[in-house]
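Structural description and commentary
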Amino acid sequence: FRALKGGGEPYLLANSEHGILTRRRAAKAFSAWQRIESPGGIANNDHLSVVTTGGRTEVLTCIGGWGGGKLYYASLDAPTRATWSGPLKLPDRNYTGWATYPGQSLIFGRCSSPTACGEGVRPIGVFDTLGACQAAVNKTSPPPRGYTYQSKDPTLGGYAGHCYALSAFGPFDLHPQKGVASGRAPGFVAGEEIDCSNAAVDPRDRDHFLFSRGGEFRTYESRDGGRTVSRVASHDVGAFFVLIDSQGWYYTATQDGAFVSRDGGVGWEALHVVMHSRDGRRIDRVPHDYQRIVPDFRGDGIAFPSDQGLHILNRSSDNLTSAVGDMRNTMALSAILSPNEQGSRSLVVNLWDWNVGASWDDGATWAGWAKGEASPGSCGEGGGGQGMGRSRKAIMFHRNHFYNSSDGGRNWARGNLPAPMGAFVYVRQPGSRTEPAGACFALFSAPAGQVLRGRSRSSAGGGASSPDRDYSPELDDEQEEAGEDEEAAGGPQLYSPGLLAPPRAGSVVHLMTSSDFGGSWSWAPLQPSLQPTGLEVDPTGNGLYAFNADCLSVSSDQGRSWSPCSQAAGLTGRLHQLLVVNTRVMFLTRVGAVPLRTTDGGQSWHELGGCAHLFKHGATLDGSLSWSGRTLVLHGADLGAIGRGEYGTAVWRSTNDGDDWTDETGDLVTISPGPGVWYEDDFYLVTRGEGVTVKRQFER
């Protein structure tokens with residue numbers, strides 16, 4: 001969003017990904033949003049930088065995707081119309097002589113070995129000096145457009161002394177590298193379109209702007225409206241977001257951190273986030289997962305939103321002011337609850353984008369793990385898990401690891417699996433709806449033929465936290481397990497009780513079994529006719545249920561054999577989640593449809609008409625049953641409600657098996673609710689934005 005004045009009136013601008021939205025701010029009300037079409041898509045994290053010159057307001061932005069786009073100016077003519085200029089292109093040039101670029105490479109990332117390079121790069125030999133390389137280049141036929149010489153500097157390894165001729169030269173091809181020199185041949189060089197990820201115009205000069213170049217993610221600058229550009233050589237760190245503020249200060253931000261230059265790019269300082277742990281340690285971080293740079297924050301301030309929270313520039317210091325607050329605004333992924341020796345509850349929470357957090361007093365205060373305790377610190381950001389009644393047994397899993405605890409989350413042991421697990425359920429003790437008997441089940445999927453039968457056991461000490469490093473809340477996922485990027489693999493693995501992420505095509509689902517509360521596991525592939533995405537147990541009997549969108553099956557021998565897919569009357573639609581009260585009463589939530597109920601053990605199913613209002617626009621919601629089985633809660637979000645101008649999050653409760661419902665949504669503001677977790681009579685709702693919330697005495 002940006003605020004500005006157009007035609008003397010105040011307006012809001014917004015990046016809608018498919019154009020620019022405008023909204024006039026009247027004295028007491030806002031007008032409706034109006035759209036200005038753009039020449040192409042705008043990445044949802046792209047900045048709309050604004051400059052006004054002589055009464056004309058322009059926006060400078062990148063048209064294209066996250067990895068790079070093209071640079072355009074838009075002159076705002078009316079709330080629904082703009083004149084777009086672009087893509088900005090460097091001019092063609094005709095050079096009369098050679099140019100040399102010390103400390104710059106034209107082959108960076110283009111050769112797999114000193115003598116094997118990609119198209120357009122030709123190794124021509126090893127030479128002792130730059131002059132000898134240049135002489136060899138001049139004799140090359142056809143005449144090259146550029147060259148790179150790797151000096152005899154031993155730090156260049158096997159590339160030392162090699163000379164390369166290039167068939168093309170572009171102004172963006174140069175890359176800084178120590179001990180290297182490159183050259184450009186005389187002749188015609190076609191101008192290139194400016195490739196940008198983000199751009200920011202100087203609010204005092206429309207011809208002056210910064211941009212981060214797509215793919216390279218370094219900072220470039222132009223002072224003549226894009227006719228010439230130069231890389232900001234003094235700032236050789238990653239940059240995705242860039243900004244120039246009203247005082248002329250430069251800013252960049254990405255996962256490498258946030259940086260500021262107060263002297264027009266000559267010098268740069270890293271911006272720090274300083275935190276203090278409860279044990280007195282001072283934690284000083286520069287790297288954060290910054291998501292943008294916000295100008296005009298509360299006037300002329302600058303703010304840096306990140307996955308870890310909001311941070312605000314302090315112009316008199318390099319330390320950012322943290323607006324993170326406390327755990328009430330975190331992106332929580334789980335609520336693992338257990339009783340503790342202090343007579344309270346231990347609450348362990350998987351978080352995004354921090355490591356696992358814990359409260360040893362039911363959320364009143366938050367802390368990590370003490371020195372010497374086996375924390376789940378290697379989990380990093382993400383993951384999920386759950387407790388098992390009042391037993392103090394708990395399970396957690398993330399990526400290809402599982403963790404189990406027998407003391408309410410104080411100490412964890414870790415084991416390894418062939419693939420990420422999910423759909424965890426546990427068998428109850430006879431006569432109890434909540435307390436574990438020891439047998440547990442879960443699922444994972446793996447490519448066909450990759451995994452068959454196997455076994456894994458967790459180990460203490462070296463499993464959860466390595467002996468030479470105690471729990472560190474400042475360590476995030478990238479630092480903890482470098483190279484394993486969840487988002488690149490399809491997004492974070494969000495935990496949903498009893499559910500497994502949909503298997504990829506060609507994968508086979510394996511049933512995991514444990515007899516020791518999840519401390520060790522064995523597994524075997526399920527038959528092709530049963531490839532479930534969810535499990536559930538009957539807390540009053542011996543039934544183990546497996547289901548996917550099109551099939552509901554049951555096993556009475558702990559998964560050794562399975563019934564055919566149920567063909568019961570009324571069992572229609574795409575199945576999402578099964579909830580079992582007892583052998584006769586069960587509920588099935590469905591994808592985009594009203595939930596079903598059976599009162600005859602699955603012989604017939606009927607819609608719960610009393611909550612049909614929640615599903616009239618095709619929402620899919622989760623369900624949670626209280627420990628007693630007397631209270632059913634439907635919870636989740638209809639994200640389509642945003643487009644209808646409605647609030648989409650819902651928490652509805654029924655105390656008579658779904659006949660009647662009460663809206664309990666109350667004062668929630670999140671649109672990213674997660675799992676619902678019961679502990680005794682209290683209902684905890686996990687959210688990605690408001691942390692873990694709770695309704696006390698929700699059963700009564």
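Scroll up for the structure.
Attention in this report is confined to the structure presented alongside it. Source: prediction; values computed, not measured.

Another point: the state of the cysteines. Per the stated rule, a full pass over the model turns up four disulfides. Here Cys 62 engages in a disulfide with Cys 196; their sulfurs sit 2.2 Å apart. On the criterion of sequence distance, the pair formed by Cys 62 in strand β6 (residues 56-65) and Cys 196 in strand β18 (residues 195-196) is long-range, its members being 134 residues apart. Here Cys 62 matches Cys 196 in class, with each residue buried. Here Cys 133 engages in a disulfide with Cys 163; their sulfurs sit 2.0 Å apart. Its S-S torsion of approximately 60° makes the covalent link between Cys 133 and Cys 163 right-handed. One end of the pair, Cys 133, is in helix α1 (residues 130-138); the other, Cys 163, is in strand β15 (residues 162-166), and 30 residues separate them in sequence. The exposure classification of Cys 133 matches that of Cys 163, with both residues buried. What connects to what in the chain, once the bonded cysteines are numbered by sequence position, is 1-6, 2-3, 4-5, 7-8. The thiol of Cys 379 is not disulfide-bonded; the next cysteine sulfur, from Cys 440, is found 18 Å away. With relative accessibility at 1%, the residue Cys 379 sits in the buried group. Given a relative accessible area of 1%, Cys 440 falls into the buried group.

Our focus in this paragraph is the pattern of salt bridges. Two side chains with opposite charge may pair up if their charged atoms get near one another. Applying the stated criterion across every chain, the model contains 33 salt bridges. For the salt bridge of Lys 152 with Asp 128, the shortest nitrogen-to-oxygen distance reads 3.7 Å. Note that Lys 152 is positioned in the loop between β14 (146-150) and β15 and Asp 128 in the loop between β13 (121-126) and α1, a separation of 24 residues in sequence. Between Asp 362 and Arg 345 there is a salt bridge, with its nearest N and O atoms 4.0 Å apart. Placement of Asp 362 in the loop between β37 (357-359) and β38 (384-387) and of Arg 345 in strand β35 (residues 345-349) is noted, with a sequence separation of 17 residues between them. Here Asp 362 matches Arg 345 in class, with each residue buried. Here the salt bridges share partners, and the residues they tie into one network are Arg 345, Asp 362, Arg 390, Glu 680, Asp 682 and Arg 696.

Moving on, we come to the sheet that holds strand β58 (residues 673-679). One open sheet holds the three strands; their spatial order is β58-β59-β60, and the pairing between them is antiparallel. Every other strand in the sheet has two partners, leaving β58 and β60 (692-695) as the edge strands with one partner each. When the angles between neighbouring strand axes are averaged without regard to direction, this sheet yields 25°. When strand β59 (residues 682-687) meets β60, the two strands line up antiparallel, connected through four bridges. Within β60, the residue paired with Phe 683 across the bridge is Lys 695.

Turning to the side chain of Thr 631, a few remarks are in order. With respect to the helices, strands and loops of the structure, Thr 631 is situated in the loop between β54 (622-625) and β55 (632-637). Polar side-chain contacts of Thr 631 include one of 2.4 Å to the side chain of Glu 699.

Here β58 lies mainly inside the structure; seven of its seven residues are buried. Looking at chain direction, β58 and β59 are connected through five bridges and run antiparallel. When the sheet's bridge partners are listed, Gly 676 is paired in β59 with Leu 685.

Once that is clear, we can look at the environment of Pro 10. Summarising the element assignment, Pro 10 is placed in strand β2 (residues 9-15). With 14 residues separating them along the chain, Pro 10 and Arg 24 place their C-alpha atoms 6.1 Å apart.

What follows is about the packing of aromatic side chains. The full count for this structure, using the stated rule, is 20 aromatic pairs. Taking 5.7 Å as the distance between ring centres and 85° as the angle between the ring planes, the aromatic pair formed by Trp 360 and Trp 369 counts as edge-to-face. Residue class for Trp 360 comes out buried when judged on its relative accessible area of 12%. The aromatic ring of Tyr 95 is capped on one face by Arg 184, whose charged end is 3.5 Å from the ring centroid. Lying across the ring of Tyr 426, Arg 428 places its NZ or CZ 4.1 Å from the centre.

Nonpolar side chains collect at one region of the surface, where Leu 639, Ile 642, Tyr 647 and Ile 671 lie side by side and expose about 390 Å² of accessible area between them. We classify Ile 642 as exposed; its relative accessible area is 53%.

Once that is clear, we can look at the nonpolar core. With 25 residues, the main nonpolar core has Tyr 251, Ile 293, Phe 304 and Leu 313 as its most contacted residues. When contributions to this core are tallied by element, the ones reaching two or more residues are β23 (241-244), β24 (250-254), β25 (257-261) and β30 (301-306). No other element matches the four residues that β23 contributes to this core. Core analysis: the second largest hydrophobic core is formed by 21 residues, Met 327, Leu 351, Val 651 and Phe 683 among them.

Scoring rules and cut-offs
Residues numbered from 1 in each chain as written. Predicted model: local features only at pLDDT ≥ 70, side-chain atom pairs only at ≥ 80, totals over all residues. Heavy atoms only, no water. Disulfide = S-S within 2.5 Å. Helix = DSSP H or I, 4+ residues; strand = E, 2+ residues; numbered from the N terminus. Buried < 20%, exposed > 50% of the residue type's maximum accessible area, 1.4 Å probe, protein only. Salt bridge = Lys/Arg side-chain N within 4 Å of Asp/Glu carboxyl O. Pairing = 2+ DSSP bridges. Axes fitted to C-alpha atoms, helices over the stretch in contact; angles between N-to-C directions. Polar contact = N/O pair within 3.5 Å; in protein donor to acceptor, adjacent residues only side chain to side chain. Phe/Tyr/Trp six-rings, centres within 6.5 Å; stacked < 30°, edge-to-face > 60°. Lys NZ or Arg CZ within 6 Å of the ring centre and 35° of its normal. Patch = residues over 30% accessible without salt bridge, like charges linked within 9 Å, V, L, I, M, F, W, Y side chains within 5 Å. Areas by Shrake-Rupley, 256 points an atom, 1.4 Å probe, with all protein chains shown as cover. Core = buried A, V, L, I, M, F, W, Y, C linked by side-chain atoms within 4.5 Å.

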